[in-house]
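Structural features, examined
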Amino acid sequence: MNSSIYGWHLPPNVSAHGAAIDQLIHVVHWFMIALFIGWGIFLLYTLIRFRERPGRTASYESAKSKLPKLVEISVVLFEVFLLIGLSIPIWSKVKNEFPPAADSLVVRVVAQQFVWNIHYPGPDRLFGKSDPSLISDSNALGIDWNDPNAKDDIASINQFHFPVNKPVIVYLSSKDVIHSFAIPVLRVKQDAIPGMRIPVWFEAVQTGQFEIACAQLCGVGHTLMKGYVSIDTPEEFENWVKEQEAAKNL
């Protein structure tokens, strides 16, 4: 990914729930740095304190100090706090507290080697039927365009448009192998597994152009499996939908 956009640290956050995830990442990393420095100092102390010296013999009795045990208990308690106090609440909110579908943009995303297929239900908010027997080079999702519900549907490849400040619910699946749908700037990553339909949601708070990556090694063309996210203003999104509908009728 372009370092001028994504930087060398965490990528920019344009997600409504990204700040909580970033906070957790920072806390965990500072905790790991503190442990690394602390255990490093303890290792150096023991190497110097118990080094071989003339006139000294080894003692096989355990140390009497209670400090190591207190430190270990403190580390365990802090890790429990990280899990129960920070991680589980964030995970529960993202996984369980889905926004109402009526207030969201609902789309299907189907992964395949090595593209992302995006299926929009159109203004009627109803997905047309799809049938694997209809899959072809021009109809990667096998959408039955004769189905009345499919008349206003839109299908795109590697181009994922959605409006800013509106929840987006994605029903994720895969046509072939396991992929992983990742939009780093939205702090979204979810495996796409053949035979499963997995929901995931997010909400962008800033417009822009970013990338979709596959975070799971999925074949020889894995590095080429890159899509593009366009977070539009509501007006821009409506115009894009009209352009796609017009293109269908050409």
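Below is a summary of the structure that appears in this document.

Rules used in this analysis
- Residues numbered from 1 in each chain as written.
- Predicted model: local features only at pLDDT ≥ 70, side-chain atom pairs only at ≥ 80, totals over all residues.
- Heavy atoms only, no water.
- Patch = residues over 30% accessible without salt bridge, like charges linked within 9 Å, V, L, I, M, F, W, Y side chains within 5 Å.
- Areas by Shrake-Rupley, 256 points an atom, 1.4 Å probe, with all protein chains shown as cover.
- Salt bridge = Lys/Arg side-chain N within 4 Å of Asp/Glu carboxyl O.
- Helix = DSSP H or I, 4+ residues; strand = E, 2+ residues; numbered from the N terminus.
- Buried < 20%, exposed > 50% of the residue type's maximum accessible area, 1.4 Å probe, protein only.
- Pairing = 2+ DSSP bridges.
- Axes fitted to C-alpha atoms, helices over the stretch in contact; angles between N-to-C directions.
- Contact = heavy atoms within 4.5 Å.

**Observations concerning a nonpolar patch on the surface**
A cluster of nonpolar side chains, namely Trp39, Phe42, Tyr45, Phe50, Leu67, Leu70 and Val71, defines an oily patch on the protein surface of about 750 Å² accessible area. The set of elements that each furnish at least two residues to the nonpolar patch consists of helix H2 (18-49) and helix H3 (67-96). Using a relative accessible area of 57% as the deciding quantity, one classes Phe50 as exposed.

**Observations concerning the pattern of salt bridges**
A complete count under the given rule lists two salt bridges for this structure. A salt bridge links Asp22 to Arg187; the shortest N-O distance between them is 2.7 Å. Taken together, the residues span a long stretch of sequence, with Asp22 in helix H2 and Arg187 in the loop between strand E6 (179-183) and strand E7 (188-192) at a distance of 165 residues. Its relative accessible area of 12% is what places Asp22 among the buried residues. Owing to a relative accessible area of 14%, Arg187 belongs among the buried residues under this scheme. The partner of Lys226 in a salt bridge is Glu211, with the nearest N and O atoms 4.0 Å apart. Here Glu211 lies in strand E9 (residues 208-214) and Lys226 lies in strand E10 (residues 226-232), a separation of 15 residues in the sequence.

**Remarks on the sheet that holds strand E8 (residues 198-203)**
Within the open sheet, the five strands sit side by side as E3-E2-E1-E5-E8. Their pairing is mixed. One side of each edge strand has no neighbouring strand; the edge strands of this open sheet are strand E3 (154-157) and E8. Between one strand axis and the next, the sheet turns by 25° as a mean value, whatever way the strands run. Judged from the seven bridges that link them, strand E1 (residues 105-112) and strand E5 (residues 167-174) form a sheet pairing that is parallel. When the sheet's bridge partners are listed, Leu105 is paired in E5 with Val168. Relative to E3, helix H4 (residues 234-248) is tilted by about 95°, and along the sheet it contacts E1, strand E2 (115-120) and E3.

**Topic: the pairing of E9**
Most of E9 sits inside the fold, with five of its seven residues counted as buried. Relative to E9, E6 is paired through two bridges, and the arrangement is antiparallel. When the sheet's bridge partners are listed, Phe181 is paired in E9 with Cys214. Relative to E10, E9 is paired through six bridges, and the arrangement is antiparallel.

**Considerations on the environment of Val205**
In this fold, Val205 is placed in the loop between E8 and E9. With relative accessibility at 45%, the residue Val205 sits in the partly exposed group. Sequence separation of Val205 and Asn165 is 40 residues, and the distance between their C-alpha atoms is 5.2 Å. Discounting residues that sit within four places of it in the chain, Val205 has contacts with Val14, Ser15, Ala16, Val164 and Asn165.

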